[in-house]
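Residue strings, one per chain:
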Amino acid sequence: MFNQFMKKIIYFLVIFLFSCNNINNSYKEAEFSDFYNSNSNKLLIDVRTPEEFMENRALESINIDFYDENFNNDILEISKEDDIYIYCRSGRRSELTAKFLLENDFENVYNINSGIIKIDSIYLDFRSFNN
């Protein structure tokens, strides 16, 4: 009986420690308004293709193409000191990018999971529209 009790305690201790270890290893969900209302050092990264980026993009965003062969190296060159906000079309590429950054010791990573398809027009860079 004591042996089973100890096994249960060890099991719950391992689960608890594992879950605590992962608390800081998850990205935060964000909206475009969170980026624009933040006063921190921040960076807004669009991980869509250059063609998508030229079609429409958020104000103040930079483009690092998720599908580019140098993507991993390029994305790791950004400052770990900034709050990093990431978006794509619908949220999948940005989610993968956020997870990648966390795996590489970035801490303040925000995924705009609604993507550019849900952006409020006040945050669009209208200079990017093709006339």
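Everything below is about the structure printed above this text.
Residues numbered from 1 in each chain as written. Predicted model: local features only at pLDDT ≥ 70, side-chain atom pairs only at ≥ 80, totals over all residues. Heavy atoms only, no water.

Visitor: Quick question: what am I supposed to make of the side chain of Thr97 here?
Guide: With respect to the secondary-structure elements, Thr97 resides in helix H5 (residues 92–103). Using a relative accessible area of 0% as the deciding quantity, one classes Thr97 as buried. Within polar-contact distance, the side chain of Thr97 engages the backbone oxygen of Arg93 at 2.8 Å. If sequence neighbours within four positions are ignored, Thr97 has contacts with Val47, Phe66, Phe71, Ile75 and Ile86. (Helix = DSSP H or I, 4+ residues; strand = E, 2+ residues; numbered from the N terminus. Buried < 20%, exposed > 50% of the residue type's maximum accessible area, 1.4 Å probe, protein only. Polar contact = N/O pair within 3.5 Å; in protein donor to acceptor, adjacent residues only side chain to side chain. Contact = heavy atoms within 4.5 Å.)

Visitor: Is there a simple way to think about the nonpolar core in this case?
Guide: As a rule of thumb, soluble globular proteins bury nonpolar side chains together. If you look at the biggest cluster of nonpolar residues, it comprises 17 residues, and the most contacted ones within it are Ile45, Ile75, Ile78, Ile84, Ile86, Leu101 and Val109. For this core, the elements supplying multiple residues, two or more each, are strand S2 (42–46), helix H4 (71–76), strand S4 (83–87) and H5. Here this core takes four residues from H5, the largest share from any one element. (Core = buried A, V, L, I, M, F, W, Y, C linked by side-chain atoms within 4.5 Å.)

Visitor: Would you mind going over H5 with me for this structure?
Guide: Because each turn of an α-helix spans 3.6 residues, side chains separated by three or four positions in sequence point in the same direction. Here H5 contains 12 residues, and its C-alpha end-to-end distance of 17 Å stays within 8% of the 16 Å for a straight helix at 1.5 Å per residue. Inspection of H5 places Arg93, Ser94, Thr97, Ala98, Phe100, Leu101 and Leu102 among the buried residues, and these make up the whole buried set. Residue Asp105 follows H5 closely and has a positive phi angle near 70°. (Expected span 1.5 Å × (residues − 1).)

Visitor: Looking at this model, I keep getting lost on the pairing of S4. Mind explaining?
Guide: Across a regular strand the side chains alternate sides, sitting on one face of the sheet and then on the other. Of all five residues that make up S4, five are buried, and the element is covered over most of its length. Of the two faces of S4, the one carrying Asp83, Tyr85 and Tyr87 and the one carrying Ile84 and Ile86 are both buried. Inspection of the sheet shows S4 paired to strand S5 (residues 109–111) by three bridges, in the parallel sense. For Tyr85, the partnering residue across the bridge sits in S5 and is Tyr110. Handedness of the crossover joining S4 and S5 through H5: right-handed. (Pairing = 2+ DSSP bridges. Right-handed = clockwise from strand over helix to strand, strands pointing away.)

Visitor: Help me understand the sheet that holds S5 in this model?
Guide: For sheets, the rule is that strands pair by backbone hydrogen bonds, running either parallel or antiparallel. Strand order in the open sheet made by the five strands is S1-S5-S4-S2-S3, with parallel pairing throughout. With one partner strand each, in any of the chains shown, strand S1 (28–29) and strand S3 (61–63) form the two edges of the open sheet. Across five bridges, S2 lies against S4 in parallel orientation. Counterpart to Leu44 in the pairing with S4 is Tyr85.

Visitor: I would appreciate a short explanation of the packing of aromatic side chains in the present structure.
Guide: The geometry of two aromatic rings is summed up by the distance between their centres and the angle between their planes. Per the counting criterion, the structure on display carries seven aromatic pairs. Seen in terms of ring centroids, Phe32 and Tyr87 are 5.0 Å apart; in terms of plane orientation they differ by 65°. Their pairing is edge-to-face. Linking Phe32 in helix H2 (residues 32–37) with Tyr87 in strand S4, this pair joins segments that are 55 residues apart in sequence. By the burial criterion, Phe32 is buried, and Tyr87 matches it. Ring geometry for Phe66 against Phe71: centres 5.3 Å apart, planes inclined by 55°, an arrangement best described as tilted. Residue classification places Phe71 among the buried residues on the basis of a relative accessible area of 4%. Each member of the aromatic cluster is reached from another via a ring pair, and the members are Phe35, Tyr36, Tyr85, Tyr110 and Tyr123. Here the guanidinium or amino end of Lys28 rests over the ring plane of Tyr110, the centre of that ring lying 5.1 Å away. Taking NZ or CZ as reference, Arg57 lies 4.7 Å from the ring centre of Phe53, over its face. (Phe/Tyr/Trp six-rings, centres within 6.5 Å; stacked < 30°, edge-to-face > 60°. Lys NZ or Arg CZ within 6 Å of the ring centre and 35° of its normal.)

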